[in-house]
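Letter by letter, the chains look like this.
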Amino acid sequence: MAARFELLVFDWDGTLLDSAAAIVAAINAACDDLGLPAPGDERARHVIGLGLRDALRHAVPDLPEERYPQMVERYRHHYLAHDHELQLFDGAAALIGELAGAGFLLAVATGKSRPGLDRALRISGLGEHFRASRCADECFSKPHPQMLEELMDELAVAPGRTLMIGDTTHDLQMARNAGVASLAAAYGAHPPAELDALAPLALVHQIEEMARWLRTHA
């Protein structure tokens, strides 16, 4: 049977990399450095997947605009101090290798900056498998559809042949805005019920379940 999808676009943090807790910790530590009240884990987890400035605006809405550079610097300080210790979810590397070997076009759409994603791809060893990527410092932040639109244009794939795979409502809303189907990684940053409300094709609760779904339905 012919494949339903040609292009599989993955979010990074919380979908392939087990980094949600580290992002939350870095946001809270940055707030502490600046003498600000921490947003708490739930609010901090909600902003994962957004571009950094958008994320911090949501997490710390009372922060004066002139203090954003300080907040960004302290966040990056805390996150980069530990990002080399972060691990891919069990089975993620094998799945990406399998999908690339099966002939799918693979791409990344992430809230990371370009330097951040390049560093993550280098550390993870997965860079060779992805044909294209878009980051939040190159496009409008999710849920704006620009990342997906540019990836589809670059790789010459229609929306109906593209699948967005992510762990946040930002990912699924971006897919909807781009006219693209989505698969929800319900083990990441956002609660399964919030993901399900956006009508993904399915919710998967671990990488192996994702692999089984893709083998059968993609």
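Preceding this paragraph is the structure being described.
Thresholds applied
Residues numbered from 1 in each chain as written. Predicted model: local features only at pLDDT ≥ 70, side-chain atom pairs only at ≥ 80, totals over all residues. Heavy atoms only, no water. Buried < 20%, exposed > 50% of the residue type's maximum accessible area, 1.4 Å probe, protein only. Helix = DSSP H or I, 4+ residues; strand = E, 2+ residues; numbered from the N terminus. Contact = heavy atoms within 4.5 Å. Core = buried A, V, L, I, M, F, W, Y, C linked by side-chain atoms within 4.5 Å.

Q: I tried to follow helix 7 (residues 146-155) on my own but got confused; where do I start?
A: Residues lying three or four places apart along an α-helix face the same way, a consequence of the helix completing one turn every 3.6 residues. Residues of helix 7 that are buried: Gln-146, Met-147, Leu-148, Leu-151, Met-152 and Leu-155. Of the residues flanking the end of helix 7, it is Ala-156, one or two places downstream, whose phi is positive at about 55°.

Q: Is there a simple way to explain the environment of Phe-140 in this structure?
A: With respect to the helices and strands, the residue Phe-140 is situated in the loop between strand 3 (132-134) and helix 7. Here Phe-140 falls in the exposed class, since its relative accessible area comes to 52%. Once the C-alpha coordinates of Phe-140 and Leu-50 are considered, the two residues, 90 residues apart in sequence, prove to be 9.5 Å apart. Those residues within four positions of Phe-140 in sequence are excluded, and the remaining contacts are Gln-146 and Met-147.

Q: What should I look at first to understand the environment of Asp-167 in this one?
A: On the secondary structure map, Asp-167 appears in the loop between strand 4 (162-166) and helix 8 (169-178). A relative accessible area of 0% places Asp-167 in the buried class. Leave out the neighbours within four places in its chain, and Asp-167 touches Asp-11, Asp-13, Gly-14, Thr-15, Ala-185, Gly-188, Ala-189, His-190 and Leu-195.

Q: Help me understand the nonpolar core, please; the structure alone is not making it clear to me.
A: Nonpolar side chains in soluble globular proteins generally cluster together in the buried interior. Within the largest apolar cluster, 59 residues are counted, with the highest numbers of intra-cluster contacts made by Phe-10, Trp-12, Phe-130, Met-210 and Leu-214. Looking at this core element by element, the count peaks at 7 residues for helix 1 (residues 20-33). With residues near it in sequence (within four places) discarded, Phe-130 still touches Phe-10, Trp-12, Leu-16, Ile-96, Leu-106, Ala-107, Val-108 and Leu-121. Among the nonpolar cores identified, the runner-up in size contains 19 residues, and Ala-132, Cys-139, Met-174 and Ala-175 belong to it.

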